[in-house]
Amino acid sequence: MKTKLYLTFGVSLILLFAGCGDKKTDQPVENTKPLYELMKIDSFPKFDSLRAFAHLKKQVEFGPRVSGTESYRQTKEYLISVLSETGALVTQQNFEATVPTGETLKFTNITASFKPENDKRIMLCAHWDSRPHADQDKDEAKKKTPIPGANDGASGTAVLLELAQILGKQNPEIGVDIVLFDAEDYGESGSLEGYCLGSKYYAANFPLKFRPKFAILLDMVGDIDAVFNREPVSVQYAGDVVELLWRYAQSLGNWRFKDYRSQQIYDDHVPLNEAGIKTIDIIDADLVGGDSSNPRRGYWHTTQDDLSNISIEALYDIGRVLTGFIYSLKIN
Ligand SMILES: [Zn+2]
């Protein structure tokens, strides 16, 4: 997944001015409610980070989530069963895609919808596949081995599974779609084409009745020292959502959400944004490229992306922010 992005994003804003003959510029502006806002609430459900960690561990224990393998099949069954138990409407979007090796493989995007009839809704997403080859591994012999993907894949998925369990017990005001994309990480360095195949398919064949007002993507959120800087593609397409969420996280005293810009990341939020679904990426972007100043954090796309880098506190920190954010959110 996620290579540095050297593409330029051409966003053309076309402002249409309706010609209204008699312009009364001194009239007071009526009722300019923001599209969405955060309400003050007394409390919100607890995010159980031990359960989130158990979901993460379970995925890693199944083994690589690479299409066609037994571990892939078992993980898919597990994800669908956990999501179904929450009472959400769970749907599978099956598709085939040709990966850079030339093989055509079968994939599945999984959606769990809470309050599917409510058009005031948001989407929370992560990728559930894991990279089929550890091409960044220092050990030449391991470069073709699939990665454990404890952080890259399983962490975001685990947080969303726990959130689904919370949402199932106590519905928030808004509707929520939790989407687990397949086939995010089949790309090869030097080309973006093989990445994000699941979200590309989802965006091109949008399977739900209502589009979300915006979406939040989680990727690599479980590292002991996880830090979330503001990611440039997210800022460009959905700057207001970045602002709202970062401010909220900081108001809770969460030190992981910083106001610096991260490097630009190619992740599932790019196809979604290009298809008009406003999406932010919460990602520990410093890991991408493997050039973190902390040697322990050099495990991106290697066989070292395992449980040893994960902390329950990091899962708690991100999970608590998202829980509070969802229950405070009002869509106007
Ligand atoms: Zn990746």
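Note that this is a predicted model, so its numbers are computed, not measured.

## A closer look at the confidence of the model for the protein chain
Here the protein chain shows a mean pLDDT of 93. Residues at 70 or above account for 91%. Below a pLDDT of 50 lies the segment residues 6-24, which in the model reaches 10 contacts outside its immediate sequence neighbourhood of four places, other chains included.

## Points about the environment of G290
Among the structural elements, G290 can be located in the loop between β9 (279-283) and α7 (312-328). Considering only alpha carbons, one finds G290 and Q136, 154 residues apart in sequence, at a separation of 8.0 Å. Setting aside its immediate chain neighbours within four residues, G290 contacts G298 and W300.

## Let's talk about the coordination of the zinc ion
Those donors, D152 (OD), D185 (OD) and H301 (NE2), are the protein atoms that reach the zinc ion, and they lie 1.9 to 2.2 Å from it. The sequence pattern formed by the donor residues of the zinc ion is D-x32-D-x115-H. One end of the pair, D152, is in helix α3 (residues 150-169); the other, D185, is in the loop between β5 (175-181) and α4 (197-204), and 33 residues separate them in sequence.

## Looking at the sheet that holds strand β3 (residues 104-114)
Ordered in space as β2-β3-β5-β4-β6-β9, the 6 strands form an open sheet in which the pairing is mixed. Of all the strands in the sheet, the pair left with one neighbour each is β2 (89-98) and β9. Averaged over all neighbouring strand pairs, the angle between strand axes comes to 20°, with direction disregarded. Note: strand β4 (residues 121-127) against β5, 7 bridges, orientation parallel. Within β5, the residue paired with I122 across the bridge is V176. The sheet strands contacting helix α5 (residues 232-251) are β6 (215-219) and β9, and the helix crosses β9 at an angle near 65°.

## Some words on the pattern of salt bridges
Side-chain pairs of opposite charge can arise where the charged atoms are in close proximity. With the rule as written, the count across this model stands at 20 salt bridges. The shortest N-O distance in the salt bridge between E96 and K106 comes to 3.4 Å. Here the residue E96 occupies a position in strand β2, and K106 occupies one in strand β3, the gap between them amounting to 10 residues. For K106, a relative accessible area of 58% gives the class exposed. Ionic pairing is found between K209 and E117, a salt bridge with its closest N-O pair at 2.8 Å.

## Some details on the side chain of T323
For T323, the position within the fold is in helix α7. The buried category is assigned to T323, whose relative accessible area is 0%. Excluding residues within four positions of it along the chain, T323 makes contact with F44, P45, F47, L163 and I166.

How each quantity is defined
Residues numbered from 1 in each chain as written. Predicted model: local features only at pLDDT ≥ 70, side-chain atom pairs only at ≥ 80, totals over all residues. Heavy atoms only, no water. pLDDT = per-residue confidence, 0-100. Contact = heavy atoms within 4.5 Å. Helix = DSSP H or I, 4+ residues; strand = E, 2+ residues; numbered from the N terminus. Donors = N, O, S within 2.8 Å, 3.2 Å for Na, K, Ca; no water. Pairing = 2+ DSSP bridges. Axes fitted to C-alpha atoms, helices over the stretch in contact; angles between N-to-C directions. Salt bridge = Lys/Arg side-chain N within 4 Å of Asp/Glu carboxyl O. Buried < 20%, exposed > 50% of the residue type's maximum accessible area, 1.4 Å probe, protein only.

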